[in-house]
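What follows is the residue order along each chain.
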Amino acid sequence: MFLQQLINGITLGCVYALIALGYTMVYGILQLINFAHGEIYMLGAYLGVIGLALLQAIHFAPSSPLVLVLTLALFAALIAALWGITIERLAYRPLRGAGRLAPLIAALGISIVLQNFVMHSQGAREKIFPALWAGSGYIFGNTRVSAVQLLIIITSAVMMVGLTLLVQKTRIGTAMRATAQDRVMAQLCGIDANMIIAITFAIGSALAGIAGVLIAAYYGMINFYIGYQAGLKAFAAAVLGGIGTIPGAMLGGLLLGLVEAFGAGYLSSQYKDVYAFLILILFLIFRPGGLLGEQLAEKV
Amino acid sequence: MGANDADSPQGAANGVKDDSVAADHRRAFEALGAVALTGAITLPFTGLIGSLAIAVAAGLFQYYSSGDASHIKRGSWQPIAVPQIVRTLHPKLKGAIAAVFLLLLPLLLLQRYQIEVLTLGLLYATLAIGLNYIVGLCGLLVLGYIAFYAIGAYAYALLNLHFGIGLFAAWPLAMLAGALAGLLVGLPVMRLRGDYLAIVTLGFGEIVRIVLNNWDAVTAGPNGIMGIARPSLFGWKLTSPSAYYILALLLTCVAFYTQSRMIKSRIGRAWEAIREDELAAAHCGVPVVKMKLLAMAMGGLWAGAAGALFASRMTHVSPESFTFLESVLVLCMVVLGGMGNPIGVSVGAVSLIVLPELLRGAAGYRMLAFGLLLVLAMRYRREGFLPMRRLKLAGGN
């Protein structure tokens, strides 16, 4: 029971962490809560289903399900990145420097638009994602780790290591960190801040798209409103870890996944959505900087 | 892009092996459908433009087709041009004329449906005025406002169910419950930055909804509480739509009057100072925490009052009336109407309730149009349609 919940919690936590990274990166640079981010994740799940249909239409049938899922993830990541850039360009960039309320409301609007657009174009009923590894898995004692869980954990780990390397070691990463610290100064040093912001949105959205494909493969069923709850929880994870810090988002995501799995397993599964929000509220009240964030005072 | 195509990716995804000709045709068709859908979903720009086109087309179609909307008289909602003479009238006289006109409106609108829509609009106007204290005047972004409405509604429902208390006796209690909830949420989070406050209140709203949905012993779970009494006044039961309209109108008027008086008072100026620059306000001696808490309590109070009236009007409350989307709707009324201006937010509330009713039947698409409206309004008219005018200093130069 304990080990099983641990595995379930880590799987869920990895998905939350992937989504939380997008929130935290955008917040780090723009101080914007990108409410539409959860919907990008939902789009990612739909892109997985659509990609599968496309692959079958062109009679492309890879021998192993692993290659199939990774192809779908790549497809979803690319398209989701395009969505991210477009939304930033159309809805957020014109509102830069307009205070905090305006971009937040625009983000809410985008989120409503995406949900309803997908509902109308794809139908309100649930979509099935076929089980790719029927019945397989690894059994340790009475704990079962399914192939999809393993895939989710490994993919997320690779993504997170890759992102950390990108941010810490490359020129783009350096530019991103500089823009997050002081956008005007970065621009004076010759960094194209608009480009960096677009890249940030693209990376965050790509990660959310991949998370969507992974969750579609995990649950086997998706609908147009999965983005709302997952988005909120991922945001909670980002705050938990300290919003604006990349390792914080990963840690927060894992913690939140574990809390939810253990809460549902040992306390009451009816209230599993409450735990995440309760922890979020407690953290914001007593340690608003999160676990790894700086404890900042309000800027004058 | 219709609902017929919706199943194609799934059908193809299932990959059913079938060698008959018909199946071949079907598969080809599904592939084609999938390609068309992919075109729409995978190209972000076309997707956004496409959704705009869907919303506009659905709206236009609904407006010009004589089908579903035939029960609404065309042109009955035409905005009335304000004649010059009205502008020269004394403000109090103007207010009185408006009040009498609004009171007599149920006599002019003979259709029950129109009166009911307006009643709902007034209920939301009260909510919007309440949220205006918090967001518009004090500048605190609260995203779970509907929780206070839910608390008011359930407070009246439970009081009525267990103690048989009528609406007029329970009203102050429901308002008190809403105000206390506002304080309860406000107290621990006063030090938080703007967007953190938004998230905490959002979490609070979700928790309230989930608890209402699961606490079967008290709230009867997802089914909600049924058989709530309608109000009665000196033995006369108020059941007609017009009676509810007048009740809602009175509530809105009281809320409106209280707010316009408060804006002109010292408290109102303190709120505005906090909204513009909290630090500067604190240094000028404004008791920031007290004022913020007062704004939260006032917001909760009016939400509680509106909630109680809502419960008695529906005679049934259930958690599904209090979703996050409702919070967003009220916030949009405040922001689109004009933050800080009670007239603006009331007009915003009534129009956001009435306009979608005009596009009834396009019901599915109105949320799409709504989201786009939010984005466009932020882009082109950030201060709302009837923005707040600055107060003039008395005897200023």
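Residues numbered from 1 in each chain as written. Chains lettered and ligands numbered in written order. Predicted model: local features only at pLDDT ≥ 70, side-chain atom pairs only at ≥ 80, totals over all residues. Heavy atoms only, no water.

**Points about the overall build of chain B**
Piece 1. Regarding its fold elements, chain B presents 17 helices and four strands.
Piece 2. Per-residue burial for chain B yields a buried fraction of 50% across its 397 residues.
Piece 3. Nonlocal contacts in chain B, meaning residues at least 24 apart in sequence, comprise 78% of its contacts between residues at least 6 apart.
Piece 4. With the model as given, the accessible surface of chain B reaches about 19400 Å², and the carbon-plus-sulfur share is 67%. (Helix = DSSP H or I, 4+ residues; strand = E, 2+ residues; numbered from the N terminus. Buried < 20%, exposed > 50% of the residue type's maximum accessible area, 1.4 Å probe, protein only. Contact = heavy atoms within 4.5 Å. Areas by Shrake-Rupley, 256 points an atom, 1.4 Å probe, with all protein chains shown as cover.)

**Observations regarding the pattern of salt bridges**
All names here are of chain A.
Piece 1. Here the structure, examined in full by the defined rule, presents seven salt bridges over all chains.
Piece 2. For Glu88, the salt bridge goes to Arg93, with nearest N and O atoms at 3.2 Å.
Piece 3. In this structure, Glu88 engages Arg96 in a salt bridge whose closest nitrogen and oxygen atoms are separated by 2.6 Å.
Piece 4. Given the relative accessible area of 0%, Glu88 is considered buried.
Piece 5. Each of Glu88, Arg93 and Arg96 takes part in a single network of salt bridges with overlapping partners. (Salt bridge = Lys/Arg side-chain N within 4 Å of Asp/Glu carboxyl O.)

**Structural notes on empty space enclosed by the protein**
Leftover empty space is mapped by rolling, across the atoms, a probe with the size of a water molecule.
Residues and elements named next belong to chain B.
Piece 1. Here the structure, examined in full by the defined rule, presents three cavities of 30 Å³ or more.
Piece 2. When its volume is computed, the largest cavity comes out at roughly 40 Å³.
Piece 3. Every residue lining the largest cavity is listed: Leu143, Gly144, Ile146, Leu202, Gly205, Glu206, Phe322, Thr323, Phe324 and Ser327.
Piece 4. Elements that contribute at least two residues to the lining of the largest cavity include exactly helix H9 (194-214) and helix H15 (324-337). (1 Å grid on protein atoms, 1.4 Å probe; cavity = no way out; pocket = protein on both sides within 12 Å on 5 of 7 lines; lining within 4 Å. Points joined across faces, edges and corners; volume = space filled by probe spheres on them.)

**Comments concerning helix H6 (residues 112-137) of chain B**
Residue and element names in this part refer to chain B.
Piece 1. Here H6 is 26 residues long and its end C-alpha atoms lie 36 Å apart, about the 38 Å a rise of 1.5 Å per residue gives.
Piece 2. The sharpest bend along H6 reaches about 45° and sits at Leu131.
Piece 3. Taking burial as the measure, the 26 residues of H6 include 22 buried ones, the bulk of the element.
Piece 4. One or two positions beyond H6, positive phi appears at Gly139, with a value near 75°. (Expected span 1.5 Å × (residues − 1). Bend = angle between axes of the 7 residues up to and from the residue.)

**Quick look at the packing of helix H5 (residues 147-169) of chain A against helix H6 (residues 171-181) of chain A**
All names here are of chain A.
Piece 1. Two numbers describe how H5 lies on H6: the axes approach to 5 Å, and their chain directions differ by 75°. It follows that H5 is roughly perpendicular to H6 by the angle criterion. On H6, the residues touching Leu166, Val167, Gln168 and Lys169 of H5 are Arg171, Gly173, Thr174 and Arg177.
Piece 2. Classifying every residue of the contact of H5 with H6 gives two nonpolar, three polar and three charged. (Axes fitted to C-alpha atoms, helices over the stretch in contact; angles between N-to-C directions. Parallel < 35°, antiparallel > 145°, perpendicular 65-115°, else oblique. Nonpolar A, V, L, I, M, F, W, Y, C, P; charged D, E, K, R; others polar.)

**Quick word on the side chain of Glu88 of chain A**
Residues and elements named next belong to chain A.
Piece 1. Relative to the helices and strands, Glu88 is located in helix H3 (residues 65-92).
Piece 2. Side chain to side chain, Glu88 and Arg96 meet in a polar contact 2.6 Å long.
Piece 3. With residues near it in sequence (within four places) discarded, Glu88 still touches Arg93, Pro94, Arg96, Ile197 and Phe201. (Polar contact = N/O pair within 3.5 Å; in protein donor to acceptor, adjacent residues only side chain to side chain.)

**Some thoughts on the packing of aromatic side chains**
All names here are of chain A.
Piece 1. Within this structure, the stated rule accounts for 16 aromatic pairs over all chains.
Piece 2. Measuring from centroid to centroid gives 5.2 Å for Phe224 and Tyr225, while their planes differ by 85°, and the two rings are edge-to-face.
Piece 3. Owing to a relative accessible area of 11%, Phe224 belongs among the buried residues under this scheme.
Piece 4. According to the relative accessible area criterion, Tyr225 is partly exposed, its value standing at 46%. (Phe/Tyr/Trp six-rings, centres within 6.5 Å; stacked < 30°, edge-to-face > 60°.)

**What to know about unusual backbone geometry**
Piece 1. Its identity is not glycine, yet Gln31 of chain A carries a phi of approximately 50°, on the positive side.
Piece 2. Along the chain, Gln31 of chain A falls in the loop between helix H1 (2-30) and helix H2 (37-57).
Piece 3. Although it is not a glycine, Ala220 of chain B sits at a positive phi angle of roughly 60°.
Piece 4. With respect to the secondary-structure elements, Ala220 of chain B resides in the loop between helix H10 (216-219) and strand E1 (225-226).

**Re the environment of Leu329 of chain B**
All names here are of chain B.
Piece 1. One can find Leu329 in helix H15.
Piece 2. Classification of Leu329 by relative accessible area gives buried; the value is 15%.
Piece 3. Considering only alpha carbons, one finds Leu329 and Phe370, 41 residues apart in sequence, at a separation of 9.2 Å.
Piece 4. In this structure Leu329 touches Tyr124, Leu352 and Phe370, once residues within four positions along its chain are discounted.

**Looking at the environment of Ala157 of chain B**
Residues and elements named next belong to chain B.
Piece 1. Along the chain, Ala157 turns up in helix H7 (residues 146-163).
Piece 2. The sequence separation of Ala157 and Ala311 amounts to 154 residues, and the corresponding C-alpha distance is 6.6 Å.
Piece 3. Among residues more than four places away in sequence, those in contact with Ala157 are Ile225, Ile228 and Val317.

**Considering the side chain of Thr219 of chain B**
All names here are of chain B.
Piece 1. Among the secondary structure elements, Thr219 is positioned in helix H10.
Piece 2. Judged by relative accessible area, Thr219 falls into the buried class, the value being 3%.
Piece 3. Dropping the residues within four chain positions of it, Thr219 is found in contact with Tyr154, Val211, Leu212, Gly224 and Ile225.

**Thoughts on the packing of helix H4 (residues 101-122) of chain A against H15 of chain B**
Piece 1. Here H4 of chain A crosses H15 of chain B at 130°, and the two axes come no closer than 12 Å. Judged by the inter-axis angle, H4 of chain A sits oblique to H15 of chain B. Relative to H15 of chain B, the crossing made by H4 of chain A is left-handed. Of the residues in H15 of chain B, those in contact with Ile105, Leu108 and Ile112 of chain A of H4 of chain A are Phe324, Leu325, Val328, Leu331 and Val335 of chain B.
Piece 2. Residues belonging to the contact of H4 of chain A with H15 of chain B are distributed by class as follows: eight nonpolar, no polar and no charged. (Left-handed = near helix turned anticlockwise from the far one by under 90°.)

**As for the confidence of the model for chain A**
Piece 1. Counting all residues, the mean pLDDT for chain A is 87, and 96% of those residues have values of 70 or more.
Piece 2. Taking the mean pLDDT of every element in chain A, the minimum, 76, falls on strand E2 (residues 138-140) of chain A and the maximum, 93, on helix H8 (residues 193-219) of chain A. (pLDDT = per-residue confidence, 0-100.)

**Structural notes on a nonpolar patch on the surface**
Residue and element names in this part refer to chain A.
Piece 1. On the surface, Met1, Phe2, Leu3, Tyr266 and Leu267 cluster together into a nonpolar patch covering about 580 Å² of accessible area.
Piece 2. Among the secondary structure elements, those contributing two or more residues to the nonpolar patch are H1 and helix H10 (246-267).
Piece 3. For Leu267, the location among the structural elements is in helix H10.
Piece 4. Given a relative accessible area of 65%, Leu267 falls into the exposed group. (Patch = residues over 30% accessible without salt bridge, like charges linked within 9 Å, V, L, I, M, F, W, Y side chains within 5 Å.)

**Brief notes about the confidence of the model for chain B**
Residues and elements named next belong to chain B.
Piece 1. The pLDDT averaged across chain B works out to 76; a share of 71% of its residues lies at or above 70.
Piece 2. Across chain B, the secondary-structure element scoring lowest on mean pLDDT is helix H1 (residues 8-14), at 41, and the one scoring highest is helix H14 (residues 288-314), at 93.
Piece 3. Counted against residues more than four places away or in other chains, residues 1-19, with its pLDDT under 50, gives 36 contacts.
Piece 4. Low pLDDT, under 50, characterises residues 65-83; the stretch is placed with 18 contacts to residues that sit more than four places away or in other chains.

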